[in-house]
Amino acid sequence: QVQLVESGGGLVQAGESLRLSCAASGSIFSFNAMGWYRQAPGKQRELVATITSGGSTNYADSVKGRFTISRGNAKNTVYLQMNSLKPEDTAVYYCNADVILDNYARYDYWGQGTRVTVSS
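This report concerns the structure included in the present document. (Residues numbered from 1 in each chain as written. Predicted model: local features only at pLDDT ≥ 70, side-chain atom pairs only at ≥ 80, totals over all residues. Heavy atoms only, no water.)

Description of the sheet that holds strand β1 (residues 3–7)
Here comes step 1: In space, the four strands of this open sheet follow the order β1-β3-β8-β7, with antiparallel pairing throughout. Looking at the sheet topology across the chains shown, the edges are occupied by β1 and β7 (67–71). This sheet shows a mean twist of 15° between the axes of neighbouring strands, independent of strand direction.
Here comes step 2: Across six bridges, the pairing between strand β3 (residues 18–25) and strand β8 (residues 77–82) is antiparallel. (Pairing = 2+ DSSP bridges. Helix = DSSP H or I, 4+ residues; strand = E, 2+ residues; numbered from the N terminus. Axes fitted to C-alpha atoms, helices over the stretch in contact; angles between N-to-C directions.)

Here's what the structure looks like:
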């Protein structure tokens, strides 16, 4: 029905950058918000950044000033620019979308994740 597909993860050294992408597809009427979450080994999933349809953003304190979330022109995509990466950023990053479906139901979807590994 509705799918989110993440891409852009990989293995980098500390101080380098990555850009994650997420594309949504399916019978979506509109988006309320999209965001990125991450889960490191042995830890709970945590919020990284979110952006609403109105453009408001929210960041975890640990990434503020280093990461930037943005929406694509088509509004069915979201990006996460990650600069000055640190080993503690190592995690699987998940895309999230809060959407209104064509039947006007509100629903929350998750991607399968893309792995980011930062070596020192």
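Side note on the pairing of strand β11 (residues 114–119)
Here comes step 1: Only one face of β11 is covered, namely the one carrying Thr114, Val116 and Val118; the face carrying Arg115, Thr117 and Ser119 has none of its residues buried.
Here comes step 2: Across four bridges, the pairing between strand β2 (residues 10–13) and β11 is parallel. For Val12, the partnering residue across the bridge sits in β11 and is Val118.
Here comes step 3: Summarising the sheet, strand β9 (residues 91–101) and β11 pair through three bridges and their orientation is antiparallel. Across the sheet, the residue bridging to Ala91 is Val116, located in β11. (Buried < 20%, exposed > 50% of the residue type's maximum accessible area, 1.4 Å probe, protein only.)

Some details on the state of the cysteines
Here comes step 1: For the coordinates displayed, the defined rule picks out one disulfide.
Here comes step 2: Bridging Cys22 to Cys95, the disulfide has an S-S length of 2.0 Å. On the sign convention where negative is left-handed, the bridge of Cys22 and Cys95, at about -85° about the S-S bond, is left-handed. Here Cys22, found in strand β3, pairs with Cys95, found in strand β9; they are 73 residues apart in sequence, far enough to count as distant. The pair Cys22 / Cys95 is uniform in exposure class, with both members buried. (Disulfide = S-S within 2.5 Å.)

Side note on the nonpolar core
Here comes step 1: In terms of nonpolar packing, the biggest core is built from 33 residues, with Trp36, Leu80, Met82 and Tyr93 touching the most fellow members.
Here comes step 2: Counting only elements with at least two residues in this core, the list comes to β3, β4 (28–39), β5 (46–52), β7, β8, β9 and β11.
Here comes step 3: If we skip the residues at most four places from it in the chain, Tyr93 touches Glu6, Leu20, Trp36, Tyr37, Arg38, Val48, Phe67, Leu80, Met82, Gly113, Thr114 and Val116. (Core = buried A, V, L, I, M, F, W, Y, C linked by side-chain atoms within 4.5 Å. Contact = heavy atoms within 4.5 Å.)

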